[in-house]
Amino acid sequence: MRPDLFTIQTQLKRALLSRTSTAAHTGIASEIVEGTLSAQRRIAIYRHNVFTNLCNALSDLYPVVKRIVGEVFFTEAAHSFITQIPSRAGDLNQFGREFGPFLRHYPHASDLPYLAEVATLEWQWHTVFHAADAAPLDLARLASIPADQMGAIVFALHPAVTLLSSPYPLLQIWQVNQPEYADDWQIDWDAPAVHLVVYRREFEVRIQQLTGGEHIFLQSAAAGLPLEQAWQAAIAQSPEFNLHGFIGDCVQSHIINNVEPAVLPAACR
Amino acid sequence: MTGQRPAAIEPMLAGIGLRSPHYRDMQALAPALGFLEVHSENFFGDGGQPLAYLEWFRERYPLSTHGVGLSLGSVDPLDDTHLQKLKRLVDRFEPALVSEHLCWVGVNGEFTNDLLPMPYTPAALAHVVAKVGQVQDCLQRQILVENVSSYLQFKSSTIPEWDFVASLASQAGCQILLDVNNIYVNSRNHQFDAYRYIDAIATGSVGEIHLAGFQDTGEILIDTHGDRVSAAVWALYEHAISRFGAVPTLIEWDTDIPALDVLLGEAGRATSILQATAGGHAA
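Keep in mind that this is a model prediction, so the values were computed, not measured. (Residues numbered from 1 in each chain as written. Chains lettered and ligands numbered in written order. Predicted model: local features only at pLDDT ≥ 70, side-chain atom pairs only at ≥ 80, totals over all residues.)

**Q** What am I meant to see in the overall build of chain A here?
**A** Within chain A, the regular secondary structure consists of twelve helices and five strands. Its C-alpha atoms give chain A a radius of gyration of 24 Å, clearly above 18 Å, the size a compact globule of 269 residues would have. By residue count, 36% of the 269 residues in chain A fall in the buried class. Long-range contacts, defined as pairs at least 24 residues apart, comprise 66% of the intrachain contacts of chain A with a sequence gap of at least 6. (Helix = DSSP H or I, 4+ residues; strand = E, 2+ residues; numbered from the N terminus. Rg over C-alpha atoms; globule rule 2.2 N^0.38 Å. Buried ≥ 20, exposed ≤ 12 C-beta atoms within 10 Å, placed from the backbone. Contact = placed C-beta atoms within 7 Å.)

See the structure below:
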């Protein structure tokens, strides 16, 4: 009696997502026609294709991580990741989200504590690249709000905007590892924590450094807090925070793309 | 410009698989092609540049969306999120052809993201027929299902691959995307007569043909989509066109992607065969 479809698929999938053949894979091997090649060799051909394809997907997602650690290290880490956190969707673009968290606990990367954060930044780049389109802020709408109600409005961020903070000089690390970067490979490791916004302009993903106050202001807006509260939080963090200048910049770059009166607490809207 | 989109494919002109390294050259050249084909999943995002490019090309060419991740053959239920993203894409871009593969990609929620062969049994056939029915019901249209290349066969198979493919089309009411290169690769890997395969497929059931290059590793042929179409596959293609008539034909090239003119040269060769062999009579 031959095994059913469920058994065949379950056993072959298990064999293909393992790094090598083990005794546990003899069950599926005995179900494969041998001919000119052994069953284990046929499984190995598929396993090679699977790992190569998934590893290439990670290379495309994480070019900066790969540049930092080199091809050999990257491939080894990718292969560990593929077996520990298998792909969960037929759509390959969903694969690799957990590579940053994986690297944080990857023993061979313990000397590179910033590596996981670089990976997180690269995943954000990927999500921003594919995020929804949205029209820029209608300035007439902003102008129509009476001055005495301005403190209660809530700014909304464009769907293609993410925020990130890191204790490491992530933007510098990113910049010196771009293919077109030609200057000295110098990073100020003693630089203070960085706050970044990842956004899109003309379909191009951009990364910009923010002050602590600017970061809190955008975080507050994203959380649905009214302008007055967001402003106070920003000033508490960075007394020099320039409200009008920063809002103008964010509207210009489409980071802020909507405004609504805050009549209800965020949780109720 | 919606409404001015070219809808029907001109079957006497071959098409090419559209890949991102060629976007700019394609925009500059705008070559005459029967249609363009994209991998559906590459346009599952909510927005951004990929969809904007696809809009540009859709205004100028008939489109085929070719899925690689639906996993029609898996014992897992169809992934509704995946299916809804496919429906959103199909509704927006109104492709002339919508296709998937006769394979499984993952099981128990874990994916290899590779096109894995089925055991060719009556139970597996019934399973895939039901899955194709669910997809066609969801999309409210007929789809095409492609025969895959393979490097192994299951002992449990009782039906020749060509009969399985032909039965799937007749029982599920779908069309066949006949990959002539995959037939050739499998005929060499599993020692069968590729011409017999083609002759087992009913005329009128083939809605599209794929051509691509393979790699001969010495021990097996691997379907890399990374080379020119081989002489043996061109010969098999002529046989297919003489049997099926002028079927929309596509050149696929997905790894070691060459300059656009190499790809257009391959498409030109397919077009010559279509015009010489089918003699102006569409399928």
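**Q** Could you clarify how one ought to interpret the overall build of chain B in this entry?
**A** Assigned secondary structure in chain B consists of nine helices and twelve strands. Rg of the C-alpha trace for chain B: 18 Å, near the compact-globule value of 19 Å for 283 residues, within the 12% margin. In terms of its C-alpha atoms, chain B occupies a principal-axis envelope of roughly 50 × 40 × 35 Å. The buried share among the 283 residues of chain B stands at 51%. Long-range pairs, those at least 24 residues apart, make up 78% of the contacts in chain B between residues at least 6 apart in sequence.

**Q** Which parts of the structure should I look at to understand the sheet that holds strand β7 (residues 144–146) of chain B?
**A** Backbone-to-backbone hydrogen bonds join strands into a sheet, with any given pair of strands oriented parallel or antiparallel. Residues and elements named next belong to chain B. Sheet architecture is closed into a barrel: eight strands sit in the order β1-β2-β3-β4-β7-β8-β9-β12, paired in parallel fashion. Strand-to-strand twist of the sheet, defined as the mean angle between neighbouring strand axes without regard to direction, takes the value 25°. Across three bridges, the pairing between strand β4 (residues 97–101) and β7 is parallel. In the strand pairing of β7, Glu100 is matched with Val145. (Pairing = 2+ DSSP bridges. Axes fitted to C-alpha atoms, helices over the stretch in contact; angles between N-to-C directions.)

**Q** What's the story with the interface of chain A and chain B in this structure? I'm lost.
**A** Reports of interface size often rely on the accessible area that becomes lost once the parts have come together. Counting from both sides, the interface comprises 38 residues of chain A and, opposite them, 39 residues of chain B. The element that contributes the greatest number of residues to the side of chain A that touches chain B is helix α1 (residues 5–16) of chain A, accounting for eight residues. In the side of chain A that touches chain B, the residues fall into 22 nonpolar, eight polar and eight charged. (Nonpolar A, V, L, I, M, F, W, Y, C, P; charged D, E, K, R; others polar.)

**Q** What am I meant to see in the nonpolar core here?
**A** Most often, soluble globular proteins keep nonpolar side chains buried together rather than apart. Among the nonpolar cores identified, the biggest contains 155 residues, and Val145 and Val180 of chain B are the most heavily contacted of them. Leaving out residues up to four positions away in the same chain, Val145 of chain B has contacts with Leu72, Ser99, Glu100, His101, Leu102, Val132, Leu168, Cys174, Ile176 and Leu177 of chain B. (Core = buried A, V, L, I, M, F, W, Y, C linked by C-beta atoms within 7 Å.)

**Q** Just to check I follow, could you spell out helix α2 (residues 49–58) of chain B for this structure?
**A** Owing to its 3.6 residues per turn, the α-helix brings residues three or four apart onto one side. All names here are of chain B. Those residues of α2 not exposed but buried are Leu51, Leu54 and Arg58. For α2, the angular spread of buried residues about the axis comes to 55°, placing them on one side. At its buried positions, α2 is contacted by β2 (36–39), β3 (63–66) and α3 (80–93). (Arc of directions from axis to C-beta.)

**Q** Got a minute to help me understand the sheet that holds strand β3 (residues 194–201) of chain A in this structure?
**A** All names here are of chain A. Strand order in this open sheet of three strands is β2-β3-β4, and the pairing throughout is antiparallel. With one partner strand each, in any of the chains shown, β2 (162–166) and β4 (204–210) form the two edges of the open sheet. If you compare each strand with its neighbour and ignore which way they point, the axes differ by 25° on average. Pairing geometry for β3 and β4, over seven bridges, is antiparallel.

**Q** Please clarify how the environment of Asn42 of chain B should be interpreted in this entry.
**A** Position of Asn42 of chain B among the secondary structure elements: in the loop between β2 and α2. Between the C-alpha atom of Asn42 of chain B and that of Thr217 of chain B, which follows or precedes it by 175 residues, the distance is 29 Å.

**Q** Before we go on, may I ask you to explain helix α9 (residues 260–277) of chain B in this structure?
**A** Residues and elements named next belong to chain B. With 18 residues, α9 should cover 26 Å at 1.5 Å per step; its first-to-last C-alpha distance of 26 Å lies within 8% of that length. Those residues of α9 that fall on the buried side of the exposure criterion are Leu263, Leu264, Glu266, Ala267, Ala270, Thr271, Ile273 and Leu274. Considering only its buried residues, α9 is in contact with β1 (15–17), β9 (206–211), α8 (231–244) and β12 (249–251). (Expected span 1.5 Å × (residues − 1).)

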